[in-house]
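Residue strings, one per chain:
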Protein chains: 2
Amino acid sequence: MIGRLNHVGIATPSIEEALKVWRDLLGATRVHPAFDLPAQGVRVCFVDTPNSQIELIEPLGEASPLHGFLARNPKGGQHHVCFEVPDIIAARDEMRAKGCTILGTGEPRIGAHGTPIIFVHPKDMGGVLVELMETPQNADGMEAH
Amino acid sequence: MIGRLNHVGIATPSIEEALKVWRDLLGATRVHPAFDLPAQGVRVCFVDTPNSQIELIEPLGEASPLHGFLARNPKGGQHHVCFEVPDIIAARDEMRAKGCTILGTGEPRIGAHGTPIIFVHPKDMGGVLVELMETPQNADGMEAH
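What counts and what doesn't
Residues numbered from 1 in each chain as written. Chains lettered and ligands numbered in written order. Predicted model: local features only at pLDDT ≥ 70, side-chain atom pairs only at ≥ 80, totals over all residues. Heavy atoms only, no water. Least-squares fit on C-alpha atoms with pLDDT ≥ 70 in both. Helix = DSSP H or I, 4+ residues; strand = E, 2+ residues; numbered from the N terminus. Buried < 20%, exposed > 50% of the residue type's maximum accessible area, 1.4 Å probe, protein only. UniProt positions renumbered as here; feature names shortened; annotations may be inferred. Core = buried A, V, L, I, M, F, W, Y, C linked by side-chain atoms within 4.5 Å. Contact = heavy atoms within 4.5 Å. Buried area = accessible area lost by both parts, 1.4 Å probe. Salt bridge = Lys/Arg side-chain N within 4 Å of Asp/Glu carboxyl O. Polar contact = N/O pair within 3.5 Å; in protein donor to acceptor, adjacent residues only side chain to side chain. Nonpolar A, V, L, I, M, F, W, Y, C, P; charged D, E, K, R; others polar.

## Topic: the relation of the copies chain B and chain A
- For the pair chain B and chain A, the superposition axis carries a translation of 0.0 Å, the fit reaches an RMSD of 0.0 Å, and the rotation angle comes to 180°. Between the two chains, the operation in question is that of a two-fold axis.

Here it is in structure tokens:
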């Protein structure tokens, strides 16, 4: 079922500070402009690698789901991994049929790349928060370059 | 500096149990045989995605560095991210010159893909354990397919 590793989500108290790591220390050269995802309570910034992306995620607002993670990991850390799937509804139904818990209502939301996403509960995924994302029709710079 | 996202390292108390997640639930179809890395105190198993890999890591022996991680995360979880670099010594020296701490002696060890690797301390990497790995000359099935 799972396709490309679209991105690794990394939580940070500050995207600006995190970019000092990814751009200045690790030398990443393609950094996309940061933007808010208010419905999800996060601000995000994608950093390209030749074959995938790092998604830096900063809390947006008091109700951000990231506050709990950052309380446990004040410096930030790896938050989730995101894989592409061809059909998000089919993927959700398959995961549910296999006994997995989908976070929230289970209805896909529009994710940072403009396609529907779901999150599968880490308790079913060996402690890993797994995002499934419908493959973008227009990869828009997210493929190898 | 950093190149391809070679793999995401995921710690698990049991590779066999983890494969129930990655193969049976998430439907990964390319799973490599597991093998021991005694010098590093881990047993590893690579799972391919079309563009990268997941490295499942299980403790090997009493002195395994994974025991501490699993004590904090009994189900397992995201452990490190690994990026390819063209020259591991140049990468190490550059990271040190920028003030980063290299784990262990700082001398590269041979990693799971047979090329030299180092780990950069998470305190310098926004809470993320970063592995740098010299790009394999023979990608041996690790490229997109």
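## Section: the environment of A:Thr105
All names here are of chain A.
- With respect to the helices, strands and loops of the structure, Thr-105 is situated in the loop between α3 (88-97) and β6 (109-110).
- For Thr-105, a relative accessible area of 66% corresponds to the exposed category.
- Residues Thr-105 and Ile-118, spaced 13 residues apart in sequence, show a C-alpha to C-alpha distance of 9.7 Å.

## Digging into the UniProt feature "domain: VOC" (unreviewed entry) in chain A
- In the numbering adopted here, UniProt assigns the feature "domain: VOC" (unreviewed entry) to residues 4-135 of chain A.
- Secondary structure content for residues 4-135 of chain A is 21% helix and 34% strand, while the C-alpha to C-alpha distance between its ends is 9 Å.

## Here's the deal with the nonpolar core
- Grouped together as the largest cluster of nonpolar side chains are 60 residues, with contacts concentrated most on A:Trp22, A:Leu56, A:Leu132, B:Trp22, B:Leu56 and B:Leu132.
- Here B:Trp22 is in contact with A:Ile2, A:Val81, A:Phe83, B:Ile10, B:Gly27, B:Ala28, B:Val47, B:Ile54 and B:Leu56, once residues within four sequence places are set aside.
- Membership of the second largest hydrophobic core comes to ten residues, among which are B:Ala11, B:Val42, B:Leu66 and B:Phe69.

## Side note on the interface of chain B and chain A
- Of the residues lining the interface, 39 residues belong to chain B; the matching set on chain A comes to 39 residues.
- For the pairing of chain B and chain A, the buried interface totals around 3,200 Å² over both sides, and the portion due to carbon and sulfur atoms is 66%.
- The largest contributions to the chain B side of the interface with chain A come from B:Leu25, B:Leu26 and B:Gln78, which together make up 22% of the buried area.
- Here chain B and chain A share zero salt bridges between them.
- Applying the counting criterion to the chain B and chain A interface returns 13 residue pairs in polar contact (both at pLDDT 80 or more).
- Elements that contribute at least two residues to the side of chain B that touches chain A include exactly β1 (5-11), α1 (15-25), β5 (77-85), α3 (88-97) and β8 (130-134) of chain B.
- Top element by residues in the side of chain B that touches chain A is β5(B). It accounts for six residues.
- For the side of chain B that touches chain A, a count of residues per class yields 20 nonpolar, twelve polar and seven charged.

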